[in-house]
Amino acid sequence: MHDPDPPFRPVRRLHGYLPLEDHGLIGDGRTAALVGLDGSISWMCLPRFDSEPLFCGLLDHAPGGHFRLAPEDLVDARQRYEPDTGVLATDLRGPTGAVRVTDALVLRSGADLTDDTPGDRAELVRSAVVLDGTVRLRAEFQPRGGAQTRALFSGLEVRPSRRPDLRLHLRSNRPMSGLHGTHDMRQGDRLDLVLSWGRFHRHHRFDTDAMLRATTEAWRRWMGYFAYQGPEEPLVRRSALTLKLCDDWANGSLVAAPTSSLPAPIGGVRNWDYRYAWIRDAAFAVFALRSIGFRGEADAFLGWVLDAFETSRRPRIMYELQGTPVPDEVVDGELEGYRRSAPVRWGNGATDQRQHDVYGEILDCAHLWLRAGGEIQPALCASLAELADTAERTCLEPDQGIWEVRSQGRVFTYSASLCQVALDRAARIGQGLCLPGSVGRWRASADRLRHLILEQSWDEDAKTLSAHLDGGGVLDASLLALPLRKVVPAAHPRMVATATAIAERLSAGGGLLYRYLHTDAPDGLPGDEGAFVLCSFWLVDNLAAQGRLEEAEELYASLCARASPLGLLSEQIHPITGEFMGNFPQAFSHIGVIASGVNIARARAGGSR
């Protein structure tokens with residue numbers, strides 16, 4: 001079973017860097033890596049998504065480090081996934097021949113990806129086979145900061161200089177004299193490389209075919225649960241796989257993206273570390289995953305949110321994948337940044353921001369958890385009741401909002417709306433669980449807050465709801481999410497007018513939308529940014545719910561056409577060049593692909609979200 005091979009294309013670089021869209025993602029539920037069209041792994045964190053990178057040439061092509069496997073004098077290349085898997089094949093052509101490199105973070109034989117258990121082997125396989133002609137294949141293993149090596153078990157023990165805690169084992173089916181080498185090969189010849197960071201075995205069977213086969217079979221067993229009948233089905237399939245590659249399988253959490261500090265825009269300073277789990281991603285991800293057959297992953301994320309909240313005893317907007325606090329934000333002055341876009345940051349300074357939407361996110365997750373048949377213990381019930389009371393008390397106080405602005409806080413309409421969600425869900429939960437609080441008061445407060453949002457954020461002159469509760473006509477694409485969170489119906493006249501205003505005034509062209517205009521809503525950071533991909537999918541959802549199905553389908557198709565040749569999407573897109581911007585691939589963007597496809601399919605069938 002193979003997809004048609006895509007055409008070869010030139011390998012292009014800007015300031016020494018491949019475009020983001022010329023990378024593929026591989027992963028094993030514990031970590032991930034980006035494989036470039038040039039045969040280089042330029043991003044890989046070990047042993048976890050949020051560990052210090054072993055290779056981060058993506059953020060500095062010279063000292064950042066890479067694991068390259070490609071012909072000398074590379075001419076052009078192409079990439080494709082093995083269908084329904086996270087196994088990536090890159091064909092690379094030199095002047096005299098071509099080689100196929102198959103990459104995978106391999107999985108255990110018989111691994112069940114539906115279980116909340118690790119499926120990884122802590123091994124990376126890179127398998128190169130010459131397709132035709134002759135190739136001088138160059139292999140370069142260069143961790144950031146260099147490494148010490150010694151011969152060990154038919155391979156090399158590698159000790160990265162920056163990571164004395166990390167013990168690596170690099171093996172090959174051909175003799176290795178060091179971390180760099182060339183191999184003269186002809187049609188049918190093969191070079192297999194296996195990097196291990198788990199247990200080392202002196203007598204370990206070296207069978208990359210078996211490892212790749214087991215990995216392929218595990219992915220395809222998991223995709224057997226995929227259930228979707230709607231538009232852009234191949235991209236929805238790939239989006240499901242991409243979300244699974246961003247999923248921490250043992251913990252149930254989901255990284256916003258597996259990368260850090262990819263800039264939006266190039267040359268700007270809006271470079272953030274996204275290798276953590278945001279609470280607000282949960283409800284959107286749960287809808288998307290459940291809608292296409294992956295209920296286990298959806299329930300695992302819900303459970304993780306409740307565990308993280310209960311353990312931390314305070315509502316944080318994001319956590320490490322294990323549910324612990326995110327590290328303080330620090331700047332890495334040694335790296336120049338992707339395409340010379342400094343600074344490079346590790347950790348995330350927004351983790352302690354005041355963002356009132358988190359109250360609604362947690363209570364919505366609790367509500368969804370109960371609807372899925374889960375149970376909530378009395379101690380957590382008490383904490384949820386306190387959270388509802390906090391939402392009621394603070395809903396009209398300033399915060400930093402969904403976009404985590406680094407300017408003075410405002411009373412954001414979206415934040416107030418999620419406080420309404422918190423009160424509404426607390427009332428619903430309290431009916432069945434008898435939360436220690438007043439269900440009637442929460443319900444009445446939720447109704448009053450919904451009415452207040454519709455009245456106070458409405459700007460009669462601009463004919464739109466506003467980003468802030470003081471009106472003023474300032475637009476924010478987060479308003480498009482109000483119908484998705486069941487705060488305001490999509491067909492409400494004021495919501496219809498707002499969606500129209502956002503489509504016109506926040507347009508970046510070609511169906512793309514800005515989150516907000518920096519001239520109207522300063523966020524404390526210099527420069528502008530690109531179009532935010534998820535916002536356009538939210539517009540699709542609004543159009544479909546308003547009965548404007550033809551417009552929704554047209555916009556959805558145009559957005560899906562912007563995916564990379566491998567079916568991946570970034571956080572943002574440059575409105576003029578179409579280049580990808582921001583961390584990549586972005587879970588939120590792929591959630592949008594799935595959710596909007598499902599909503600269109602339901603609208604076609606006469607249903608509703």
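Right above here is the structure, for reference.
Residues numbered from 1 in each chain as written. Predicted model: local features only at pLDDT ≥ 70, side-chain atom pairs only at ≥ 80, totals over all residues. Heavy atoms only, no water.

J.: What am I meant to see in the overall build of the chain here?
T.: Each helix and strand in the chain was counted, giving 12 helices and 26 strands. Principal axes of the C-alpha set define a box for the chain whose edges measure 75 × 50 × 50 Å. Looking at the chain residue by residue over its 609 residues, the buried ones come to 62%. A separation of at least 24 residues holds for 65% of the contacts in the chain among residues at least 6 apart in sequence. (Helix = DSSP H or I, 4+ residues; strand = E, 2+ residues; numbered from the N terminus. Buried < 20%, exposed > 50% of the residue type's maximum accessible area, 1.4 Å probe, protein only. Contact = heavy atoms within 4.5 Å.)

J.: Looking at this structure, how should I read the sheet that holds strand β25 (residues 572–573)?
T.: The pairing of strands in a sheet happens through backbone hydrogen bonds and is either parallel or antiparallel. Sheet architecture is open: 3 strands sit in the order β24-β25-β26, paired in antiparallel fashion. Both edges of this open sheet fall to β24 (531–532) and β26 (580–581), since each of them pairs with a single strand only. (Pairing = 2+ DSSP bridges.)

J.: Mind showing me how you'd approach the environment of Gly323 here?
T.: Here Gly323 shows up in the loop between β17 (318–319) and β18 (330–332). Distance in space between the C-alpha atoms of Gly323 and Ser253 is 8.3 Å, their sequence separation being 70 residues. Not counting residues up to four positions away in its chain, the partners in contact with Gly323 are Trp304 and Ala308.

J.: Just checking my understanding: could you explain the pairing of strand β15 (residues 190–196) for this structure?
T.: Along β15, 6 of the 7 residues are buried, which leaves the element largely enclosed by surrounding structure. With 7 bridges joining them, strand β10 (residues 120–142) and β15 adopt antiparallel strand pairing. The residue of β15 that forms the bridge with Leu124 is Leu195. The pairing of strand β13 (residues 168–172) with β15 spans 4 bridges and is antiparallel.

J.: Is there a simple way to explain helix α1 (residues 208–223) in this structure?
T.: Count 3.6 residues to each turn of an α-helix, and residues three or four apart come out pointing the same way. Between its first and last C-alpha atoms α1 spans 23 Å; for 16 residues at 1.5 Å apiece the expected length is 22 Å, and the two agree. When we look at burial in α1, the residues that qualify are Thr208, Met211, Leu212, Ala214, Thr215, Thr216, Ala218, Trp219, Trp222 and Met223. Turning to α1, the residues buried within the fold contact β2 (23–27), β9 (97–107), β10, β15, α2 (233–245) and α4 (295–312). N-capping of α1 is provided by Asp207, with a side-chain oxygen placed 3.3 Å from the backbone N of Asp209. (Expected span 1.5 Å × (residues − 1). Polar contact = N/O pair within 3.5 Å; in protein donor to acceptor, adjacent residues only side chain to side chain.)

J.: Help me understand the environment of Leu58 in this model?
T.: With respect to the helices, strands and loops of the structure, Leu58 is situated in the loop between β5 (53–55) and β6 (66–71). Measuring from C-alpha to C-alpha, the distance between Leu58 and Ile41 comes to 8.8 Å, with 17 residues separating the pair along the chain. If sequence neighbours within four positions are ignored, Leu58 has contacts with Tyr17, Leu20, His23, Leu34, Ser42, Trp43, Thr259, Leu262 and Tyr338.

J.: When you look at the nonpolar core in this model, what are you seeing that I'm missing?
T.: Formed by 199 residues in total, the largest nonpolar core has its most connected members in Phe141 and Trp538. The leading source of residues in this core is helix α7 (residues 413–433), at 10 residues. Contacts of Phe141, omitting those with residues within four sequence positions, involve Leu54, Phe55, His66, Phe67, Val158, Leu168, Leu170, Leu179, His180 and Leu195. Membership of the second largest hydrophobic core comes to 7 residues, among which are Ala104, Val106, Val194 and Leu212. (Core = buried A, V, L, I, M, F, W, Y, C linked by side-chain atoms within 4.5 Å.)

J.: Can you walk me through the packing of aromatic side chains in this structure?
T.: Remark: the centre distance and the inter-plane angle together describe each pair of aromatic rings, the angle taken between the planes. Under the criterion given, the structure shown has 18 aromatic pairs. Consider the rings of Tyr274 and Trp278, whose centres lie 5.5 Å apart with planes at 65°: the pair is edge-to-face. Judged on exposure class, the residue Tyr274 and its partner Trp278 are both buried. Note on Phe284 and Phe588: the rings are 5.7 Å apart at their centroids and 75° apart in plane angle, and the pair reads as edge-to-face. Taken together, the positions of Phe284 in helix α3 (residues 281–291) and Phe588 in helix α12 (residues 587–604) put the pair 304 residues apart, joining distant regions of the chain. In this structure an aromatic cluster arises from ring pairing among Phe284, Trp403, Phe532, Trp538 and Phe588. Here the guanidinium or amino end of Arg93 rests over the ring plane of Phe8, the centre of that ring lying 3.8 Å away. Over the aromatic face of Phe284 sits the side chain of Arg485, whose NZ or CZ is 5.0 Å from the ring centroid. (Phe/Tyr/Trp six-rings, centres within 6.5 Å; stacked < 30°, edge-to-face > 60°. Lys NZ or Arg CZ within 6 Å of the ring centre and 35° of its normal.)

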